[in-house]
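Close look at the chain arrangement
So the chains spell out like this:
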Amino acid sequence: MTNAINSGIRGLLSIIAGTALGIYTHALLVGLGITSIVTKYPLMMHSIEIIGTIYLIYLSCILIKNGIYSGNKNTEKSTKTATIKDAYIANIMNIKAIILYLTVVPGFLTSGHISVVNFITLASIHMTIMAIWLLSFGYIVIFAARKINFSSVSRFVNTIGGICLLYFTLSPYIR
């Protein structure tokens, strides 16, 4: 949402594109059976989980820091705009996305023959729902930023977004 505030719809589209590429990458890797090979090696899966968790914690801390300190700077748009690459890496390193495509998605494929096309089709549905959600919420945030003090909206989105990302990243380990 920070991208939406900083760069409008263009910033939002870069996040959607990067996330979509990540979703399609997961679907392709699972459809080709590559991800199931990786899961047979617990050390490799655990390493991916640790790296992904560290990366998501890093992103959380950046968001929280930007939310807390953005009002202290003279410039309104003080936070870095995330790129397609940033969104792609965040999605690829997200262990929850990997597990989703390894465990949940195959359960929706009822035919005896599971192919890459099945996974790509489900990824397209997933991507479409994600894009509609982000566009809808993004427009609300963009509209709010125009009506309310930009700095306040940006601080709120960054701080709450960072806290939520941190919570969702760490919640499996806290229980």
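All figures in this text were calculated on a predicted structure; none of them were measured in a lab.

**Comments concerning the overall build of the protein chain**
A tally of regular secondary structure across the protein chain gives seven helices and zero strands. Counting from the amino terminus, helix and strand elements in the protein chain follow one another as α-α-α-α-α-α-α. Considering the protein chain as a whole, with its 175 residues, one finds that 36% of them fall into the buried category. As displayed, the protein chain offers around 10400 Å² of accessible surface, 71% of which is attributable to carbon and sulfur atoms.

**With respect to the UniProt feature "transmembrane region" (unreviewed entry) in the protein chain**
With numbering aligned to this structure, UniProt lists the feature "transmembrane region" (unreviewed entry) at residues 12-38, 50-68, 88-109, 115-144 and 156-174. Measuring from the first to the last C-alpha atom of residues 50-68 gives 27 Å, for a span that is 100% helix and 0% strand. In residues 115-144, the share of helix is 97% and the share of strand is 0%. The end C-alpha atoms are 44 Å apart.

**Some details on the packing of aromatic side chains**
As enumerated under the stated definition, the model contains three aromatic pairs in all. Here W133 and F137 contribute two aromatic rings whose centre-to-centre distance is 5.8 Å and whose plane-to-plane angle is 5 degrees, an arrangement assigned as stacked. With W133 and F137 both in helix 6 (residues 116-147) and four residues apart, the pair spans about one turn of that helix. By relative accessible area, W133 is classed as exposed at 58%. On the accessibility criterion, F137 (35% relative accessible area) is partly exposed.

**So, the packing of helix 1 (residues 2-32) against helix 6**
Packing of helix 1 against helix 6 leaves a shortest axis separation of 9 Å and a crossing angle of 165 degrees. Judged on the interaxial angle alone, helix 6 and helix 1 are roughly antiparallel. By crossing handedness, the relation of helix 1 to helix 6 is classed as right-handed. Its residues assigned to classes, the contact of helix 1 with helix 6 comprises 27 nonpolar, six polar and no charged.

**Topic: the environment of A97**
For A97, the position within the fold is in helix 5 (residues 95-108). Along the sequence, A97 and H26 sit 71 residues apart, while their C-alpha atoms lie 7.6 Å from each other. Non-local contacts of A97, meaning those with residues more than four positions away in its chain, are made with H26 and N91.

**Looking at the nonpolar core**
I16, I23, Y101 and M130 are the most contacted members of the largest nonpolar core, which totals 16 residues. Mapped by element, the contributors of at least two residues to this core are helix 1, helix 5 and helix 6. Excluding its chain neighbours within four sequence positions, the residues that come into contact with I16 are M130, A131, L134 and L135. I5, V141, A145 and V157 belong to the second largest nonpolar core, which has five residues in total.

**Here's the deal with the side chain of T53**
Looking at where T53 falls in the secondary structure, it is placed in helix 3 (residues 42-69). Judged by relative accessible area, T53 falls into the buried class, the value being 11%. Of note is the side chain of T53, whose polar atom sits 2.7 Å from the backbone oxygen of E49. If we skip the residues at most four places from it in the chain, T53 touches T169 and Y173.

**Focus on the packing of helix 1 against helix 4 (residues 84-92)**
Axis separation between helix 1 and helix 4 bottoms out at 7 Å; the angle between their running directions is 35 degrees. Judged by the sense of rotation from one axis to the other, the crossing of helix 1 with helix 4 is right-handed. Together, S14, I15, A17, G18, T19, L21, G22, I23, T25 and H26 of helix 1 and I84, A87, Y88, N91 and I92 of helix 4 make up the contact between the two elements. Along the lines of polarity and charge, the residues of the contact of helix 1 with helix 4 split into eight nonpolar, seven polar and no charged.

Cut-offs applied
Residues numbered from 1 in each chain as written. Predicted model: local features only at pLDDT ≥ 70, side-chain atom pairs only at ≥ 80, totals over all residues. Heavy atoms only, no water. Helix = DSSP H or I, 4+ residues; strand = E, 2+ residues; numbered from the N terminus. Buried < 20%, exposed > 50% of the residue type's maximum accessible area, 1.4 Å probe, protein only. Areas by Shrake-Rupley, 256 points an atom, 1.4 Å probe, with all protein chains shown as cover. UniProt positions renumbered as here; feature names shortened; annotations may be inferred. Phe/Tyr/Trp six-rings, centres within 6.5 Å; stacked < 30°, edge-to-face > 60°. Axes fitted to C-alpha atoms, helices over the stretch in contact; angles between N-to-C directions. Parallel < 35°, antiparallel > 145°, perpendicular 65-115°, else oblique. Left-handed = near helix turned anticlockwise from the far one by under 90°. Nonpolar A, V, L, I, M, F, W, Y, C, P; charged D, E, K, R; others polar. Contact = heavy atoms within 4.5 Å. Core = buried A, V, L, I, M, F, W, Y, C linked by side-chain atoms within 4.5 Å. Polar contact = N/O pair within 3.5 Å; in protein donor to acceptor, adjacent residues only side chain to side chain.

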